[in-house]
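For reference, the chains in residue letters:
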Amino acid sequence: MKFGGTSVGSVDRIRNVARRALEAQKAGNDVVLIVSAMSGETNRLLSLANQVTPVPGAREMDVIAATGEQVSAALTALAVHHEGGKARSLLGHQVRILTDAAFSKARIRSIDATAIREALSRGEIAVVAGFQGVDDGGNITTLGRGGSDTSAVAVAAALGASACEIYTDVDGVYTTDPNVCPTARKIDRISFEEMLELASLGAKVLQIRSVEIAMKYNVPIHVRSSFSDAPGTWVVGEDQGLESVTVAGVAYDKAEARVHLVGLEDKPGVSAYLFEKISEENISVDMIIQNVSKADGNRTDVTFTLSKSDLQRSRSIIEEIARSAGAQDVRYDEDVSKVSIVGLGMRTHAGVASKMFRLLANEGINIQAISTSEIKISCLVAAKYTELAVRTLHEGFGLSKAPPSKP
Ligand code: ADP
Ligand code: ASP
Ligand code: MG
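The following refers to the structure shown.

**Points about the site of ligand 1**
Within the structure, ligand 1 sits among 16 residues, and T168, D169, Y174, D177 and N179 are positioned closest to it. In the model, an oxygen atom of ligand 1 is placed 2.7 Å from a nitrogen or oxygen of the T168 side chain. At a separation of 3.3 Å, an oxygen atom of ligand 1 approaches a polar side-chain atom of K204. Considering ligand 1 on its own, with 570 Å² of exposed area, one finds that the protein chains cover 88% of that surface.

Following this line, the structure appears as structure tokens:
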């Protein structure tokens, strides 16, 4: 059972978590809790570090950020004691959640579940601090924003749990962000593949990496509300009686910026050079568009998107690379947003892309770039149209109405 920031956001809410865990234990389950930092806490900790120095070292940042989860784990264990139960808090290094050394975005390599199993065998509720691990050198690492989801699914996989319950401030995965679109509808079941796309396209309800692990180890995830007992959304394999829809959901991402390289030399090896250099700088690029050659035949334009935070730190590098690749000009646009539709049904239905473009056109929304994969289509639009585009696509693809389920 994983509880996110809002669900442990106050002492009362932590008591609620303790009570729910004890109920689950009384029902005959071994219970492992994974807790996030209290809501707002991780931001507060990171901003403290930023006040001390403008570019804080990554190792110390993780030492600071990990404390948020340490506090909630211990408070939750105390709350269980207060309710008359047995519990023990366990930090990342105590469970031994071993990660690589990529501070602030570490990946889990292995989990030694012995400490958790010992706690369970003593009848305790194991309360594991989410978001944190330890690298080979004994350094504290963190798993990226939203990383407690990943801690939870990884622990569930390591224990061979029958499911991983993710308790949050919405009662499931919706057809789009319910805070943006009032007619968003809760989905009963969604496939790992669709959830993976939605998460990577901006739906922050689950961290991407958590869905990857769930898919790899076939751990069903149940996303549900920490404030009610209503069933939430099951994220499961494709064969598990999913809804029969073409488009399952709409996602948006305001965190990307667009870079436009004007008048690059049009000859073999230019893109290779450009993106090799960019990747050497550890900058990940998302959408890439190269125009056809200009009329004079030896110049072309390349546009790509990357995260806004990467852009700030890498502008001068991009300009240098662009110059050596023969670009005549480099332009930036940070007022963009990526709006995407996702659905397994796109594999077999024609006309989904054209419908998406028509719906956006009807609202006068210009498309600046397009990218597609087997089960998703993304359009880059001006940031001010994000909410309008999300609602338009949500209505246009009929997502507010409940779909028929497959036999
Ligand atoms: P937690 O702190 O519990 O991990 P998060 O804030 O990380 O919670 O994730 C839950 C939030 O995800 C919701 O409050 C909602 O605003 C947002 N969200 C975005 N897209 C979706 C979606 N498709 N379905 C449900 N929630 C979504
Ligand atoms: N506390 C961390 C964050 O705010 C991890 C999490 O909540 O999942 O990103
Ligand atoms: Mg989260």
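Read on, since the account is not over.
**A few points about the packing of helix α12 (residues 352-362) against helix α13 (residues 386-396)**
Running from N to C, α12 and α13 cross one another at 130 degrees; their axes reach a closest spacing of 10 Å. Relative to α13, the element α12 lies oblique. In this structure, the crossing between α12 and α13 has a hand that is right-handed. Contact residues: K355, M356, L359 and L360 in α12; A389, T392, L393 and G396 in α13. Considered class by class, the residues forming the contact of α12 with α13 number five nonpolar, two polar and one charged.

**Points about the environment of V336**
Relative to the helices and strands, V336 resides in strand β18 (residues 336-342). Given a relative accessible area of 0%, V336 falls into the buried group. In the structure, V336 is positioned 17 residues away from A353 in sequence and 20 Å away in space, judged by C-alpha atoms.

**Observations concerning the site of ligand 2**
The environment of ligand 2 is formed by S36, A37, T42, E69, F131, R145, G146, G147 and S148. A distance of 2.9 Å is found between an oxygen atom of ligand 2 and a backbone nitrogen or oxygen belonging to G146. Burial of ligand 2 by the surrounding chains reaches 85%, relative to a free accessible area of 260 Å². Here the shell around ligand 2 is composed, by residue class, of two nonpolar, five polar and two charged.

**Some remarks on helix α8 (residues 192-200)**
Helical periodicity: at 3.6 residues per turn, an α-helix aligns residues three or four positions apart in one direction. Among all positions of α8, only F192, E194, M195, E197, L198 and A199 are buried. Among the residues trailing α8, G202 stands out with phi positive, at a value near 125 degrees.

**Quick look at the pattern of salt bridges**
For the coordinates displayed, the defined rule picks out 20 salt bridges. A salt bridge links R20 to D229, with the nearest nitrogen and oxygen atoms 3.0 Å apart. Here the residue R20 occupies a position in helix α1 (residues 11-26), and D229 occupies one in the loop between β11 (221-225) and β12 (233-236), the gap between them amounting to 209 residues. Because the salt bridges share partners, they merge into one network encompassing R88, R122 and E124.

Reading the values: the criteria
- Residues numbered from 1 in each chain as written.
- Chains lettered and ligands numbered in written order.
- Predicted model: local features only at pLDDT ≥ 70, side-chain atom pairs only at ≥ 80, totals over all residues.
- Heavy atoms only, no water.
- Near = heavy atom within 4 Å.
- Polar contact = N/O pair within 3.5 Å; in protein donor to acceptor, adjacent residues only side chain to side chain.
- Areas by Shrake-Rupley, 256 points an atom, 1.4 Å probe, with all protein chains shown as cover.
- Axes fitted to C-alpha atoms, helices over the stretch in contact; angles between N-to-C directions.
- Helix = DSSP H or I, 4+ residues; strand = E, 2+ residues; numbered from the N terminus.
- Parallel < 35°, antiparallel > 145°, perpendicular 65-115°, else oblique.
- Left-handed = near helix turned anticlockwise from the far one by under 90°.
- Contact = heavy atoms within 4.5 Å.
- Nonpolar A, V, L, I, M, F, W, Y, C, P; charged D, E, K, R; others polar.
- Buried < 20%, exposed > 50% of the residue type's maximum accessible area, 1.4 Å probe, protein only.
- Salt bridge = Lys/Arg side-chain N within 4 Å of Asp/Glu carboxyl O.

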